[in-house]
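What follows is the residue order along each chain.
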Amino acid sequence: MEYIVNLNKFQGPFDLLFHLIEENEIEIYDIPISEITEQYIIHLDRMSEYRLDITSEFILMASTLIEIKSKMLLPSFSDNEEDDPRQDLVNRLIEYKLFKDVSEEFKDWEEEELKFLPKPKEEVEYDFKFNEQILFEEINVYDLLNSINSLLKRRKIEIGREPPKFNIRYDEYSVTKCIKIIKNILKDKSKVSLMDIFKIDFNKGFIIAIFLSILEMTRDNTIKIIQDNLFEEIYLISK
Amino acid sequence: MNITEVKSAVESMLFIWGDPLDLKDIEDILQVERVKIDEAINSLILDYESEDRGIILKKFGDSYQLKTKDKNYQYISSLYKPNTHRSLSDAAMETLSIIAYKQPITKIEIEHIRGIKSSYIINALKDRGLIEVTGKMDKPGNPLLYGTTKDFLSYFGLKSLDELPKLPYDEDLRSLEKDHEGEDEDEIE
């Protein structure tokens, strides 16, 4: 059971990798990639057995290890030590380890400092609320009524009057209507730019409806959207 | 205001405030020179150092806070359970130490070092007031830069960031930084 707890504690792929390196007493600058890769993958399997979440980062590390392993199998044509395919991984491991060690020190400081207790600041805030209560004691319900009446008068609203009416209009352009418009245009022309369609009626409702229609038509495979380069004109072509 | 009055006023303000109080705020309220405040604070610190006092005056960055002495912790905790003090998780500690040393730093740089997504932890640390957004990086996407706060110093009992011990392989790290500067740009895009 202790093992499961252990697995749970890994803070990411580097953490797991470090655990393996320490467990096997491996020299970090000369990692036997083949062995480590195998053990790493066994660990991932075990983690999924225990239904622990294996995030994509763990899988990414597995593929990185396999990549390094395969690179090391290839004959090297250079004597340069910097070309060691493990170098980047080792650098990142060392940097990670650096902060992992330091974070242990942070824990000691935290524990030490937690023994010094400050006085919670909330008491000051409570005091403010107390002051507000005194303020309210001096007014009564009629003061409230007067104040709401004067407010309503100022805004020219009378209590009991009919609520204001709002008109909700139907959209001038529906998606169905816009699909027809686009289809009609494409009957005459082989391609049309998005901007030209918008020019038909440059209002918010129309542009939104056109947008939705284009998405709809693309999904139905009746048109194709093309753009030569980023930020250039977008064209529609019928299929 | 003479030094005795300043000392008394500072003590009252620190007591009622509870949180770390900025030297600047004390200065604005009392309208006396910084030297006088410094003198008053130093005198207070000396008073509290006496064995028979249960309070300590702590300095965090440019602010000061009254706290109870650690030697009395056991008595206070049997008086009441200080519930505001839940220690940080391993993941939070790891992330916080990276930010403390490498600030100002972007989320992507933190994730590069940790090898794992860290949005949740960064937000949690921000909610706890231990880190804050200190600016934006002038790179595509203008990623946010994070740094530690005054409360961070107070939480770990540090007088200033200079008190952080030097990283053991400081030299190695600097050369590493140069190595993956290019990489980071790719990731941001």
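Residues numbered from 1 in each chain as written. Chains lettered and ligands numbered in written order. Predicted model: local features only at pLDDT ≥ 70, side-chain atom pairs only at ≥ 80, totals over all residues.

Chemist: Could you clarify how one ought to interpret the overall build of chain A in this entry?
Modeler: Counting secondary structure elements, chain A contains ten helices and three strands. Along the chain direction, N to C, the helices and strands of chain A fall in the order α-α-α-α-α-α-α-α-β-α-α-β-β. A buried classification covers 17% of the 239 residues belonging to chain A. In chain A, of all internal contacts separated by at least 6 residues, the share reaching a separation of at least 24 is 59%. (Helix = DSSP H or I, 4+ residues; strand = E, 2+ residues; numbered from the N terminus. Buried ≥ 20, exposed ≤ 12 C-beta atoms within 10 Å, placed from the backbone. Contact = placed C-beta atoms within 7 Å.)

Chemist: Just to check I follow, could you spell out the pairing of strand β3 (residues 63-68) of chain B for this structure?
Modeler: Residues in a regular strand project their side chains so that they alternate between the two faces of the sheet. All names here are of chain B. Counting buried positions along β3 gives five out of six residues, so the element sits mostly inside the fold. With two bridges joining them, strand β1 (residues 21-22) and β3 adopt antiparallel strand pairing. Paired with Leu21 across the two strands is Tyr64, which belongs to β3. Sheet analysis places strand β2 (residues 55-60) next to β3, joined by six bridges and oriented antiparallel. The partner of Lys58 across the bridge, within β3, is Gln65. The loop that links β2 with its antiparallel partner β3 comprises two residues; one of these, Gly61, has a positive phi angle of about 60 degrees. (Pairing = 2+ DSSP bridges.)

Chemist: Would you mind showing me how to read the nonpolar core here?
Modeler: Soluble, globular proteins show a tendency: their nonpolar side chains are buried together. If you look at the biggest cluster of nonpolar residues, it comprises 41 residues, and the most contacted ones within it are Ala92(B), Leu96(B), Ile99(B) and Leu125(B). Secondary structure elements with two or more residues in this core: α2 (13-23), α3 (33-49), α4 (56-73) and α5 (87-113) of chain A together with α5 (90-102), α6 (107-114), α7 (119-127) and α8 (150-156) of chain B. Excluding residues within four positions of it along the chain, Leu125(B) makes contact with Ala92(B), Thr95(B), Leu96(B), Leu130(B) and Ile131(B). (Core = buried A, V, L, I, M, F, W, Y, C linked by C-beta atoms within 7 Å.)

Chemist: Help me out: how do you make sense of the interface of chain B and chain A in this one?
Modeler: Size of an interface: often given as the accessible area lost when the parts come together. With 42 residues of chain B at the contact, the number on the chain A side is 33 residues. Among the secondary structure elements, those contributing two or more residues to the side of chain B that touches chain A are α1 (3-17), β2, β3, α4 (73-79), α5, α6, α8 and α9 (170-179) of chain B. Element by element, the count of residues in the side of chain B that touches chain A is highest for α5(B), at eight residues. Taken together, the residues that form the side of chain B that touches chain A break down as 23 nonpolar, nine polar and ten charged. (Nonpolar A, V, L, I, M, F, W, Y, C, P; charged D, E, K, R; others polar.)

Chemist: What is the right way to read the confidence of the model for chain B from this model?
Modeler: Atom-level detail of predicted coordinates should not be read off regions where pLDDT is low. Here chain B averages 85 in pLDDT, while 86% of its residues score no lower than 70. The ipTM value of the predicted complex is 0.77, and its pTM value is 0.62. (pLDDT = per-residue confidence, 0-100.)

Chemist: Got a minute to help me understand helix α10 (residues 204-219) of chain A in this structure?
Modeler: Residue and element names in this part refer to chain A. Given a rise of 1.5 Å per residue, 16 residues ought to cover 22 Å, and the 23 Å separating the end C-alpha atoms of α10 matches this to within 8%. Turning to α10, its buried residues number three or more, namely Ala209, Ile210, Ser213, Ile214 and Met217. One side of α10 carries all its buried residues, which in axial view fall inside an arc of 140 degrees. Facing away from the buried side of α10 by more than 90 degrees, the exposed set consists of Lys204, Leu215 and Arg219. Next to the buried residues of α10 lie α8 (175-188), α9 (194-198), β2 (223-227) and β3 (234-238). Of the residues trailing α10, Asn221 is marked for its positive phi of about 70 degrees. (Expected span 1.5 Å × (residues − 1). Arc of directions from axis to C-beta.)

Chemist: How should I be thinking about the packing of α5(A) against α5(B) in this particular structure?
Modeler: In helix packing, the relevant descriptors are the interaxial angle and the interaxial distance, both defined with respect to the helix axes. One way to put it is that α5(A) packs onto α5(B) with a least axis distance of 8 Å and a crossing angle of 100 degrees. As summarised for this structure, α5(A) and α5(B) are arranged roughly perpendicular, according to the angle between their axes. Here α5(A) contributes Phe99(A), Lys100(A), Val102(A), Ser103(A), Phe106(A) and Lys107(A) to the contact with α5(B), which in turn contributes Met93(B), Glu94(B), Leu96(B), Ser97(B), Ile98(B) and Tyr101(B). Class assignment of the residues belonging to the contact of α5(A) with α5(B) gives a composition of seven nonpolar, two polar and three charged. (Axes fitted to C-alpha atoms, helices over the stretch in contact; angles between N-to-C directions. Parallel < 35°, antiparallel > 145°, perpendicular 65-115°, else oblique.)

Chemist: Even after reading the chapter, I still don't get the confidence of the model for chain A, so can you show me in this structure?
Modeler: Here chain A shows a mean pLDDT of 80. Residues at 70 or above account for 82%. Of the regions scoring below 50 in pLDDT, residues 1-7 of chain A engages in five contacts with residues more than four places distant in sequence or in other chains.

Chemist: Quick question: what am I supposed to make of α5(B) here?
Modeler: Side chains that are three or four residues apart share a direction in an α-helix, a result of its 3.6 residues per turn. A rise of 1.5 Å per residue sets the reference length of α5(B), with its 13 residues, at 18 Å; its end C-alpha atoms lie 18 Å apart and thus fit the reference within 8%. Counting buried positions along α5(B) yields ten of 13 residues, so the element is predominantly enclosed. What α5(B) keeps buried is the set Ala91(B), Ala92(B), Met93(B), Glu94(B), Thr95(B), Leu96(B), Ser97(B), Ile98(B), Ile99(B) and Ala100(B). Here the buried face of α5(B) lies against α5 of chain A together with β4 (105-106), α6, α7, β5 (131-136) and β6 (144-148) of chain B.

Chemist: Looking at this model, I keep getting lost on the sheet that holds strand β1 (residues 191-193) of chain A. Mind explaining?
Modeler: Remark on secondary structure: sheet strands pair via backbone hydrogen bonds, oriented parallel or antiparallel. All names here are of chain A. With antiparallel pairing, the three strands of this open sheet are ordered in space as β1-β3-β2. Edge positions in the sheet fall to β1 and β2, since each of these pairs with one other strand and no more. With strand direction ignored, the average angle separating the axes of adjacent strands in the sheet is 30 degrees. As paired elements, β1 and β3 share three bridges and run antiparallel to each other. Residue pairing across strands places Ser193 opposite Tyr235, the latter belonging to β3.

Chemist: Just to check I follow, could you spell out the sheet that holds β3(B) for this structure?
Modeler: Spatial ordering of the open sheet is given by β1-β3-β2 (chain B), a layout of three strands whose pairing is antiparallel. The sheet is open, and its two edges are formed by β1 and β2 of chain B, each paired on a single side.

Chemist: Would you mind showing me how to read the environment of Asn24(A) here?
Modeler: Relative to the helices and strands, Asn24(A) resides in the loop between α2 and α3. Taking C-alpha positions, Asn24(A) is 9.1 Å from Ile36(A), a pair spaced twelve residues apart along the chain.

Chemist: For this particular structure, what's the right way to read unusual backbone geometry?
Modeler: Glycine aside, negative phi is the norm for most residues, and most peptide bonds take the trans geometry. The omega torsion across Gln103(B) and Pro104(B) is -5 degrees, close enough to zero to call that bond cis. Within the chain, Glu25(A) stands out as a residue other than glycine whose phi angle is a positive 50 degrees. Assessed through the 6 C-beta atoms surrounding it within 10 Å, Glu25(A) is described here as exposed. Phi at Asn142(B) takes a positive value of approximately 40 degrees, unusual for a residue other than glycine. Note on placement: Asn142(B) falls in the loop between β5 and β6.

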